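These are the residues of each chain, in order.
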There are 2 protein chains.
Amino acid sequence: MKTYLDCIPCFLDQALRAARAATGDENIQRQVLDSVAGMLPGLPLDVTPPEIARRVYGIVADLTGNEDPYYEAKQQANRLALSLYPELKEVIAASSDPLFTACRLAIAGNSIDMGPRTAYGDLESIVQKALTSPLVVNDYEILQENLARAARILYLGDNAGEIVFDKMLIEELRQYKEGLEITFVVRERPIINDVTMKDAVDTGMDRVATCISNGSDTPSTHLSRCPAHLESLFRTADVIVSKGQGNFEALSGEQGNIFFMLKAKCSLVAKLLGVHTGDAVLKHQKI
Amino acid sequence: MKTYLDCIPCFLDQALRAARAATGDENIQRQVLDSVAGMLPGLPLDVTPPEIARRVYGIVADLTGNEDPYYEAKQQANRLALSLYPELKEVIAASSDPLFTACRLAIAGNSIDMGPRTAYGDLESIVQKALTSPLVVNDYEILQENLARAARILYLGDNAGEIVFDKMLIEELRQYKEGLEITFVVRERPIINDVTMKDAVDTGMDRVATCISNGSDTPSTHLSRCPAHLESLFRTADVIVSKGQGNFEALSGEQGNIFFMLKAKCSLVAKLLGVHTGDAVLKHQKI
């Protein structure tokens, strides 16, 4: 998707929050805001929001000297999610459809996001809500049909903490169908609270899937910015699981057999998906 | 209060919403955003937010050619509030403390605001909530004590629609104490959905109070920008009722016997008031 006018105030908002996470110096925070504001006039909007976010968070890193403002937040999210892991594994195992329960939890895990305006709140409540609320867009049956004839899964990760929920879903995919070749994709460098290879190792994702980097510093998966082997994996995957809003923003309209799993986190993306902000979505796109 | 870094993204947000209300031309909306963004770097923050908002809405008016983007919204808010007037007068009359009920409703009326990010929603629900929820800051007893020895009231209005609730409160003040001299202040020119003399006439406010203009185009009451006779009224009033966040932002810390009546509409002002966003406040300030 292209960038909309609504995204412009949001970039400033994100810049301020990231600057505050990166430094306590209010003068530098102001410099970040000024620099991002100064970048906006005339900025072409025919690129995706994550491509502009890349520049915004680049300014934060350059001016604060902190390349990973959400480092602590990511560590904490991983720890908290790992602490819930044993209990959630039992919930999945005891459910009537473990794969579907794992999908719902993986979508709930996408709530853990430092990008949007609204803080994500209490993870345990989010999990409870996920287990009782319906998916507002629910293409799970199509996912099942596609898995029946799938051999290769490309799973595009999004956030720290959430990655533990992704791991549970990948474990269920392996239970559901033996012999699946599953590749999990992380960001090349820290941006927002997105997963990097460190998170994959810290959470044991590297023990359940082949983990590779997107080779890029955008909080998304832009094929034009990805290394050739990832683009090739994308083009040949039987099923692509795309987690989160950043990946959706980059891959909406892209060719491939994609299953978007995300919480809609702003009114703009919610509108594009035909849902409300906060809604859980499992949406199939095959172009 | 001074302007905080948090206000900067909010100005862009307000500019976009006002530009959209002013014109359907997306190119002009973009020009507004670019112009406001271009104004931000280096902008001194030692002035109040409404003083910067004045410039933001000035840019909207200049670039869209529409000096009153919320004209229709204001007309509609007045009409809706007037339609509730007879029923609410009965509610006030039947209550155990009519003046207090009128205060609560006047604060609820402050919900009608096109400035903040979150739309104000359904007025009838707001009224119902106001009648059952407590004031989170409640200096009503101090207001009563002050009214007992008051002769002159200066009432600083805020928004269209809300003015009908202000009228009900002024009518109750007259019931509460005979012979009060009450002056209601409107903005000189349209800005956001703030009241102007037209709203005072349209809603009959001019029949229950002496209505004067603040002589300024800020969405607030800045004494330095007000005509001498208003500053004089401010300095000699026994009780000043200050409605809304814009007036609070301008008058917080100002000398005078002020009763702020408002809904806290952003986390920053809520924090300064020691409340949460959405809370109803009747706060005394005497410096």
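Everything numeric here is computed off the predicted structure, so don't read it as measured data.

**Quick word on the relation of the copies chain B and chain A**
Note on the copies: chain B fits chain A at an RMSD of 0.0 Å, the axial shift is 0.0 Å, and the rotation between them is 180°. Considering both components of the superposition, the chain copies are consistent with a two-fold axis. Most of the interface of chain B is mirrored in chain A: 100% of its interface residues are interface residues there too.

**Quick word on the confidence of the model for chain A**
Confidence in the prediction for chain A averages 95 pLDDT; 99% of positions are at 70 or higher. Both scores are available for the predicted complex, with the pTM at 0.91 and the ipTM at 0.89.

**A few points about the sheet that holds strand S4 (residues 210-213) of chain B**
Residues and elements named next belong to chain B. Pairing in this open sheet of seven strands is mixed, and the strands run S1-S7-S6-S5-S2-S3-S4 from one edge to the other. Each edge of the open sheet carries a strand with a single partner, namely strand S1 (137-138) and S4. Where S1 lies against strand S7 (residues 280-286), two bridges are found, and the strand directions are parallel. By the bridge assignment for S7, valine 137 is matched with valine 281.

**As for the packing of helix H4 (residues 71-94) of chain A against helix H8 (residues 162-176) of chain A**
Residue and element names in this part refer to chain A. As a packed pair, H4 and H8 sit with axes 9 Å apart at the nearest point and diverge in direction by 30°. Classified by the angle between their axes, H4 and H8 sit roughly parallel to one another. The hand of the H4/H8 crossing is right-handed. Contacts between H4 and H8 involve Asn78, Ala81, Leu82, Tyr85, Leu88, Lys89 and Ile92 on the former and, on the latter, Val164, Phe165, Met168 and Glu172. Residues that form the contact of H4 with H8 fall into these classes: eight nonpolar, one polar and two charged.

**As for helix H3 (residues 49-64) of chain A**
Residue and element names in this part refer to chain A. An ideal rise of 1.5 Å per residue puts 22 Å on 16 residues; H3 measures up with 22 Å between its terminal C-alpha atoms. The buried fraction of H3 is high, at 13 of 16 residues. Following H3 by one or two positions, glycine 65 adopts a phi angle in the positive range, close to 75°.

**Focus on the domain arrangement of chain A**
Residues and elements named next belong to chain A. Looking at chain A, the domain boundaries give domain 1 (7-64) and domain 2 (71-286). The centre of domain 1, based on its C-alpha atoms, is set 26 Å off from the matching centre of domain 2. Taken together, the 10 residues of domain 1 in the interface contact 13 residues of domain 2. Elements that contribute at least two residues to the side of domain 1 that touches domain 2 include exactly helix H1 (7-22) and H3. With six residues, H3 is the largest single contributor of residues to the side of domain 1 that touches domain 2. Residue composition of the side of domain 1 that touches domain 2, by class: five nonpolar, two polar and three charged.

**Brief notes about the interface of chain B and chain A**
Taken together, the contacts link 17 residues of chain B with 17 residues of chain A. With seven residues, helix H2 (residues 26-39) of chain B is the largest single contributor of residues to the side of chain B that touches chain A.

**As for the pairing of strand S3 (residues 181-186) of chain B**
Residue and element names in this part refer to chain B. Pairing of strand S2 (residues 152-156) with S3 involves five bridges; the strand directions are parallel. From the neighbouring strand, tyrosine 155 faces S3, where its bridge partner is phenylalanine 184. A crossover links S2 with its parallel partner S3, the connecting element being helix H8 (residues 162-176), and its sense is right-handed. Of the pairings in the sheet, the one linking S3 to S4 comprises four bridges and is parallel in character. From the neighbouring strand, phenylalanine 184 faces S4, where its bridge partner is cysteine 211. With respect to chirality, the unit in which S3 leads through helix H9 (residues 197-202) into the neighbouring parallel S4 is right-handed.

The rules behind the values
- Residues numbered from 1 in each chain as written.
- Chains lettered and ligands numbered in written order.
- Predicted model: local features only at pLDDT ≥ 70, side-chain atom pairs only at ≥ 80, totals over all residues.
- Least-squares fit on C-alpha atoms with pLDDT ≥ 70 in both.
- Contact = placed C-beta atoms within 7 Å.
- pLDDT = per-residue confidence, 0-100.
- Pairing = 2+ DSSP bridges.
- Helix = DSSP H or I, 4+ residues; strand = E, 2+ residues; numbered from the N terminus.
- Axes fitted to C-alpha atoms, helices over the stretch in contact; angles between N-to-C directions.
- Parallel < 35°, antiparallel > 145°, perpendicular 65-115°, else oblique.
- Left-handed = near helix turned anticlockwise from the far one by under 90°.
- Nonpolar A, V, L, I, M, F, W, Y, C, P; charged D, E, K, R; others polar.
- Expected span 1.5 Å × (residues − 1).
- Buried ≥ 20, exposed ≤ 12 C-beta atoms within 10 Å, placed from the backbone.
- Domains from an automatic or database assignment.
- Right-handed = clockwise from strand over helix to strand, strands pointing away.

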